Amino acid sequence: MRLRYITSALTVAVVSVPAAYAQSGSFDAAAAVETFLTDASSYGAESASVGGVTSSGDVVTASDVTWTWASTVGEENEEVTVNVTFTAPSVEIEGLMETADGYGAARIAIPEMALNIETTGTEEAFKYDVTATDYEIVNGSWQAFPTIADDESAPVSRFAPLVDWAVHQSYDSSSISKLTGNIIVAGDVQELSYGPVTVGPVRDGVHESFEYGPIESTQTTEIPNEDGTSTSVDIAINYGASRGKDLDIRPFAAFLTGTGATDGPQPMIGLIELDSMSMSGGDMFNLSIGKNTIENITVDPSHGPLLEKLDSFVLALEADEEPDPQAMATLMMDVYGAFGIGKYGMDDITISTPEGTAGLESVTIEDLSAAGLGLLSVNGFSMDATEGTGSLGTFELADLVFPEREAFVNMMLSNMMGMPSDLQTTLGAMPYLGRITVKDLDITTPSGEVKLGLFENKLEDYVPPIPTNISIELKGLELPAALLPDPQSQMMARAMQLDPVKADGTIKLRWDEDTQRVELDKDIDVDGVGRIQADATLSGIPKLIFENPSRANEAVATAAVNSLSATFTDEGVTRFILGMISEQAGVPAEQIVEGIAQQASMQVAMVTGDEQLSSEVSDTLSTFLNDPETLSFTASPAAPVAVAQIIGAAMTAPQALPGLLNLSLSANQ
């Protein structure tokens, strides 16, 4: 894909200009063509030559056109030279004329043209050759070719006029019947072939439509083996036909040069479609992808001008100096922040290796930019490999907000300088996640089958950097006992015949700015074990602890407990534990229950001195343990109780806590 766009860009830039030369007085088309093709300084070339120029009627033909460029960086024995050569055995221009804005031609045709790029002085040789056949432009018009200043202080931005000039080209259509090429890097050879290509109509940088024929690419490379040897592998990459519409290069040109730049994202590409793509590497792997679609690509020109910003880096390289790290980080953020994607979709992905196969029904990305990500959705994953099998219905990330550029750069620079950021800076440089969803997971592992119907975590209503509305939902979790975190849990699950362990649950946590209340709701059910339902309400929680988490301890002065409640519904674990204790101790279960109730009563009496509460605890535990159904706890004070008051009572007068919080216990109600 990269070769295709590089080649297309060079082709349009090189062959769209052969008549852009003005003479005083009458316009001599043949003389204008010959002068331009041999004037190397007009386009910054080292040399320019033409075998001859002839005319017949309104058709001008130039033969054996050759242009060369050369650029050297580095010093003495570390010099690297890049040589570029463009050749065209024949260039035919029909109906060349002057216009009010520049020049026009009814037709420009180049039966064959070639571009060669080679480097010398590099450790690994690089060579790029591409040949295009049957290039044609119909009813083209363009402005006079700009002068490229010989400015050593602006090695990149001096070409900005060329970019601006390219924007103002117009034509009914342009086409290439075939393009072939190869790249050689360190002995690895990549061959490329595609076509036909049609573009147009184009009006002042706005491309109504374009279409590329199928692309075939092959590459031979060496893959290292574990024993130090290597294996030669032929990699083949094939793309189906692709097409697009509503391509506007004006905002991208403004991003490069700064000319006419405006603030905010500007539409650059309306739609690009790729029918298919496949890649194979001998017996090592095979990859195939169905349709690819990308929509609504934008660019923000105000992040430029990029060419001018690149000058300092090229000058540093020419002087054999290291680029400034802060400038490099800023440039990276400028480029990253300039572009946005409305929607990207990829369907029917499959990959196979000797170890197994995997597939995806679709991948979708929506609203991706420097500001965040609207949606990442992965659907219909399946895997069948030697290490296991599995499937996943859906995985989604949604409403991801990226950090502000300044916060991210500051943290990155601090880390680069070995100065770790404080908590507030670190949190400010982290992205905010809106939602993560996993549906219909089914994986077979050596330990057993893992299933999950739904896991969804929502984080909303941020007071940066903290969400104030959090929910977690879990449905249909099935986990092999062998995957529980500790041996004791594994043993208990197997003893209770709970393999796999099954669970569902929800947790909700909310903070309301108007009331400064935090509310917690929790409902977790482990099949065959029990269900816990709990809720709590706290008040006096100030906004500042979300804005600056390092000040969370300040909330102790204002926070208060409004209510607390929890209910445990037994589904088998209580009887199992009592039975296990009874068996190990050799004591009837009834005596175990009586002992637990008495011990709890004594502990409460010792701490609180409240005989009524002590008796209530004993009776409640006895009722529940003798017939395990439900066990409930509530704290419902008549008015909110300050957390500071609760802490003080716990430290100095624990006997006051039950009355302070209006505690109560109940069983089997």
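Residues numbered from 1 in each chain as written. Predicted model: local features only at pLDDT ≥ 70, side-chain atom pairs only at ≥ 80, totals over all residues. Heavy atoms only, no water.

**Notes on the overall build of the protein**
- Secondary structure assignment for the protein yields 15 helices and 34 strands.
- Relative to the globule expectation of 26 Å for 669 residues, the C-alpha radius of gyration of the protein, 36 Å, shows a markedly less compact shape.
- Each of the three principal axes of the protein carries a C-alpha extent, and together these read 115 × 55 × 50 Å.
- Across the 669 residues in the protein, those meeting the buried criterion constitute 38%. (Helix = DSSP H or I, 4+ residues; strand = E, 2+ residues; numbered from the N terminus. Rg over C-alpha atoms; globule rule 2.2 N^0.38 Å. Buried < 20%, exposed > 50% of the residue type's maximum accessible area, 1.4 Å probe, protein only.)

**Describing helix α2 (residues 29–38)**
- If you check which residues of α2 are buried, you get A29, A30, A32, V33, F36 and L37. The buried side chains of α2 occupy one side of the element, clustering within an arc of 165 degrees when seen end-on.
- For α2, the elements touching its buried residues are β1 (47–49), β2 (52–56), β3 (59–73) and β4 (80–94).
- Near the N-terminus of α2, the side chain that reaches the backbone nitrogen of A30, with its oxygen 3.2 Å away, is that of D28. (Arc of directions from axis to C-beta. Contact = heavy atoms within 4.5 Å. Polar contact = N/O pair within 3.5 Å; in protein donor to acceptor, adjacent residues only side chain to side chain.)

**Comments concerning the pairing of strand β13 (residues 206–212)**
- Two strands pair when backbone bridges link them, and strand β11 (residues 197–199) and β13 are joined in this way by three bridges, in the antiparallel orientation. Across the sheet, the residue bridging to T198 is E211, located in β13.
- Here strand β12 (residues 202–203) runs beside β13; their pairing, made up of two bridges, is antiparallel. Looking across to β13, one finds that R203 is bridged to V206.
- Hairpin connection, β12 to β13: the antiparallel pair is bridged by two residues, and D204 has positive phi, about 50 degrees.
- Note: β13 against strand β16 (residues 242–248), six bridges, orientation antiparallel. Bridge pairing in β16 places H207 opposite L247. (Pairing = 2+ DSSP bridges.)

**What about the pairing of β3?**
- Bridge count for β1 against β3 is three bridges, and the pairing is antiparallel. Note that in β3 the partner of S47 across the bridge is T68.
- Looking at chain direction, β3 and β4 are connected through 14 bridges and run antiparallel. Paired with V65 across the strands is A88, a residue of β4.

**Some details on the packing of aromatic side chains**
- For the coordinates displayed, the defined rule picks out 14 aromatic pairs.
- Relative to Y212, the ring of F210 lies with its centre 6.4 Å away and its plane at 75 degrees, an arrangement referred to as edge-to-face.
- A residue is classified by how much of its surface remains accessible, and F210, at 10% relative accessible area, is buried.
- Residue Y212 is classed as buried on the basis of its relative accessible area of 7%.
- These aromatic residues form a ring-pair network of at least three members: F36, W67, W69, F86, F145 and W165. (Phe/Tyr/Trp six-rings, centres within 6.5 Å; stacked < 30°, edge-to-face > 60°.)

**Remarks on the pattern of salt bridges**
- Scanning the entire structure with this criterion turns up 19 salt bridges.
- Put simply, R107 and E136 hold a salt bridge, and the shortest N to O gap is 2.7 Å. On the criterion of sequence distance, the pair formed by R107 in strand β6 (residues 102–120) and E136 in strand β7 (residues 126–143) is long-range, its members being 29 residues apart.
- For R107, a relative accessible area of 27% puts it in the partly exposed group.
- What makes E136 partly exposed here is its relative accessible area of 25%.
- With a shortest N-O distance of 2.5 Å, R531 and D523 are connected by a salt bridge.
- The network of salt bridges with common partners includes R243, E273, D275 and K291. (Salt bridge = Lys/Arg side-chain N within 4 Å of Asp/Glu carboxyl O.)

**Re unusual backbone geometry**
- Cis geometry marks the peptide bond from G304 to P305; its omega dihedral reads -5 degrees.
- Relative to the elements of secondary structure, P305 occurs in the loop between β20 (292–299) and α5 (306–318).
- For the bond from D499 to P500, the omega torsion is 15 degrees, close enough to zero to count as cis.
- Relative to the helices and strands, P500 resides in the loop between α9 (487–495) and β28 (501–512).
- Despite not being glycine, N139 shows a phi value in the positive range, around 55 degrees.
- Along the polypeptide, N139 turns up in strand β7.
- Using a relative accessible area of 41% as the deciding quantity, one classes N139 as partly exposed.

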